[in-house]
Amino acid sequence: MVSVDMGWSENDAMIVIVEDQRSDAKLIKRALIKAQVDAPIELFEEGETAFAFVKDRWDAASAAGRSGVRPILILLDLKLPGISGFEILERLKGAGTHRRIPVVVFTSSGELEDVERAYELGANGYIVKPLDIQGYDQVAMQLKSYWLKQNVPPPAPMLA
């Protein structure tokens, strides 16, 4: 059996949530905590700040030889003030080593054109926000199970 180095531990992993609706941000954060997600959770209400934070943290971990707290999952709303979730997705997945970070769109839009565009821009998943607290709890358990337990995230590359 081949062993795969996970490339992260609960001590150096973080989840980034980009969501401008405080009630939705509180619901998903509460659900992740209830699901016993041990990684720190960073919340951002607008895209520009979130993008800069993710890029800085990823680059800092890379410069430190893959150590240090870095994003291993981004939950991204599409409708944000300033730059949209689509623009953030395009920036994250367009260039640079941060394109490796898994991004799951977490939005109220179930429109086919939004789903298609998100995947075309490099989204790793697409979840339509649930309608109730129980739905948020289920989503959090599924996110934890797949993205934080089963999935092997890409390592932060070492900078030359």
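One can find the structure itself at the top, above this paragraph.
Just so it is clear, the model here is predicted, and its values are computed rather than measured.

A.B. asks: Explain the side chain of Lys129 here, please?
C.D. replies: Mapped onto the elements of the fold, Lys129 is located in the loop between strand S5 (125-128) and helix H5 (133-150). By relative accessible area, which is 9% here, Lys129 ends up buried. Side chain to side chain, Lys129 and Asp24 meet in a polar contact 2.9 Å long. Look past the residues within four positions of Lys129 in its chain and what remains in contact with it is Glu19, Asp24, Asp77, Phe106, Thr107, Ser108 and Tyr136.

A.B. asks: What is the right way to look at a negative patch on the surface in this model?
C.D. replies: Taken together, the side chains of Glu111, Glu113, Glu116 and Glu120 present a region of like negative charge at the surface. By the element assignment, Glu113 lies in helix H4 (residues 112-120).

A.B. asks: Sorry if this is basic, but what is going on with the nonpolar core here?
C.D. replies: Note that soluble globular proteins tend to have their nonpolar side chains buried in a common cluster. Within the largest apolar cluster, 25 residues are counted, with the highest numbers of intra-cluster contacts made by Val16, Val18, Ile74, Leu76 and Leu89. When residues of this core are traced back to their parent elements, those giving at least two are strand S1 (13-18), helix H2 (47-63), strand S3 (70-76), helix H3 (85-94) and strand S4 (103-107). If you tally residues by element for this core, the top one is H2, at 5 residues. In this structure Val18 touches Phe44, Glu46, Gly47, Ala50, Ile74, Leu75, Leu76, Asp77, Leu80 and Ile88, once residues within four positions along its chain are discounted. Core analysis: the next-biggest nonpolar cluster, separate from the first, contains 21 residues, Ile41, Ile72, Tyr136 and Leu148 among them.

The rules behind the values
- Residues numbered from 1 in each chain as written.
- Predicted model: local features only at pLDDT ≥ 70, side-chain atom pairs only at ≥ 80, totals over all residues.
- Heavy atoms only, no water.
- Helix = DSSP H or I, 4+ residues; strand = E, 2+ residues; numbered from the N terminus.
- Buried < 20%, exposed > 50% of the residue type's maximum accessible area, 1.4 Å probe, protein only.
- Polar contact = N/O pair within 3.5 Å; in protein donor to acceptor, adjacent residues only side chain to side chain.
- Contact = heavy atoms within 4.5 Å.
- Patch = residues over 30% accessible without salt bridge, like charges linked within 9 Å, V, L, I, M, F, W, Y side chains within 5 Å.
- Areas by Shrake-Rupley, 256 points an atom, 1.4 Å probe, with all protein chains shown as cover.
- Salt bridge = Lys/Arg side-chain N within 4 Å of Asp/Glu carboxyl O.
- Lys, Arg positive; Asp, Glu negative; His and termini not counted.
- Charge placed at Lys NZ, Arg CZ, Asp CG, Glu CD.
- Core = buried A, V, L, I, M, F, W, Y, C linked by side-chain atoms within 4.5 Å.

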